[in-house]
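# Close look at the chain arrangement
Each chain, letter by letter, is given below.
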Amino acid sequence: MASERTLSIIKPDATERNLTGQIIARLEGAGLRVIAQKRVWWKKKDARKFYDIHKDQPFFKGLIAFMTSGPIVLQVLEGEDAIAKNREAMGATNPVDAAPGSIRKDFGVNLQRNSVHGSDSAATAKREIALCFKKSEIVG
Ligand code: IDP
Ligand code: MG
């Protein structure tokens, strides 16, 4: 598997509890390199655009409220098989189902407040990176 890039987000529940550094350490420990990073506070329109794929889900409104409730850290991660590696480091969507030692198991609060986002496919990663970063902000 060649080197890949993926979009990662440290969500408001994690920035609020000052877990940014601990989460970055987990990602680096999993073999991922942070090649772009910025802390932002999304407006509703930013969150709605990013999560457009979920717009018809019953949890959409709550997700948008949560993702705009505080600062988040957007990152581009690079590495061999980065998309799958990141998803593995994150753990399952619901922290109660996440594997021991995963970020969501150790830091997630509940199904919504699950500390991190990671792109789920190459196509999604491309779209999400382009939405969140200018090319000049990514230094690989
Ligand atoms: P993922 O983040 O593991 O890819 P998705 O199904 O893409 O999971 O859902 C996006 C985000 O929406 C989740 O990470 C979580 O924050 C939230 N979410 C997903 N399903 C539910 C739900 O049933 N209730 C509340 N929030 C949910
Ligand atoms: Mg997803």
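### Concerning helix H7 (residues 122–132)
Among the residues of H7, those classed as buried are Ala125, Glu128, Ile129 and Cys132. Within H7, the buried residues cover an arc of 100 degrees as seen down the axis, which keeps them to one side. In H7, those exposed residues whose orientation departs by more than 90 degrees from the buried face are Ala123, Lys126 and Ala130. If you follow the buried residues of H7, they end up packed against strand S1 (3–10), strand S2 (33–40), helix H3 (44–50), strand S3 (72–80), helix H5 (82–90) and strand S4 (116–118).

### Remarks on the pattern of salt bridges
Two side chains that carry opposite charge are able to pair once their charged atoms sit near each other. Tallied over the entire structure, the rule returns six salt bridges. The salt bridge partner of Glu78 is Arg5, with a shortest N-O separation of 2.8 Å. Separated by 73 residues along the polypeptide, Glu78 in strand S3 and Arg5 in strand S1 bring together distant segments of the chain. Residue classification places Arg5 among the partly exposed residues on the basis of a relative accessible area of 36%.

### Some words on the environment of Phe59
For Phe59, the position within the fold is in the loop between H3 and helix H4 (60–67). For Phe59, a relative accessible area of 42% gives the class partly exposed. The spacing of Phe59 and Gln112 is 53 residues in sequence and 8.4 Å in space, taken between C-alpha atoms.

### What to know about the site of ligand 1
Around ligand 1 sit Lys11, His54, Phe59, Leu63, Arg87, Thr93, Arg104, Leu111, Gln112 and Asn114, and those are all the residues in its vicinity. Within the contact set of ligand 1, an oxygen atom lies 3.0 Å away from a side-chain nitrogen or oxygen of Arg104. Contact distances for ligand 1 include 2.9 Å between an oxygen atom and a side-chain N or O atom of Asn114. For ligand 1, whose free accessible area comes to 530 Å², the fraction covered by protein is 77%. Grouping the amino acids of the shell around ligand 1 by side-chain chemistry returns three nonpolar, four polar and three charged.

Criteria and thresholds
Residues numbered from 1 in each chain as written. Chains lettered and ligands numbered in written order. Predicted model: local features only at pLDDT ≥ 70, side-chain atom pairs only at ≥ 80, totals over all residues. Heavy atoms only, no water. Buried < 20%, exposed > 50% of the residue type's maximum accessible area, 1.4 Å probe, protein only. Helix = DSSP H or I, 4+ residues; strand = E, 2+ residues; numbered from the N terminus. Arc of directions from axis to C-beta. Contact = heavy atoms within 4.5 Å. Salt bridge = Lys/Arg side-chain N within 4 Å of Asp/Glu carboxyl O. Near = heavy atom within 4 Å. Polar contact = N/O pair within 3.5 Å; in protein donor to acceptor, adjacent residues only side chain to side chain. Areas by Shrake-Rupley, 256 points an atom, 1.4 Å probe, with all protein chains shown as cover. Nonpolar A, V, L, I, M, F, W, Y, C, P; charged D, E, K, R; others polar.

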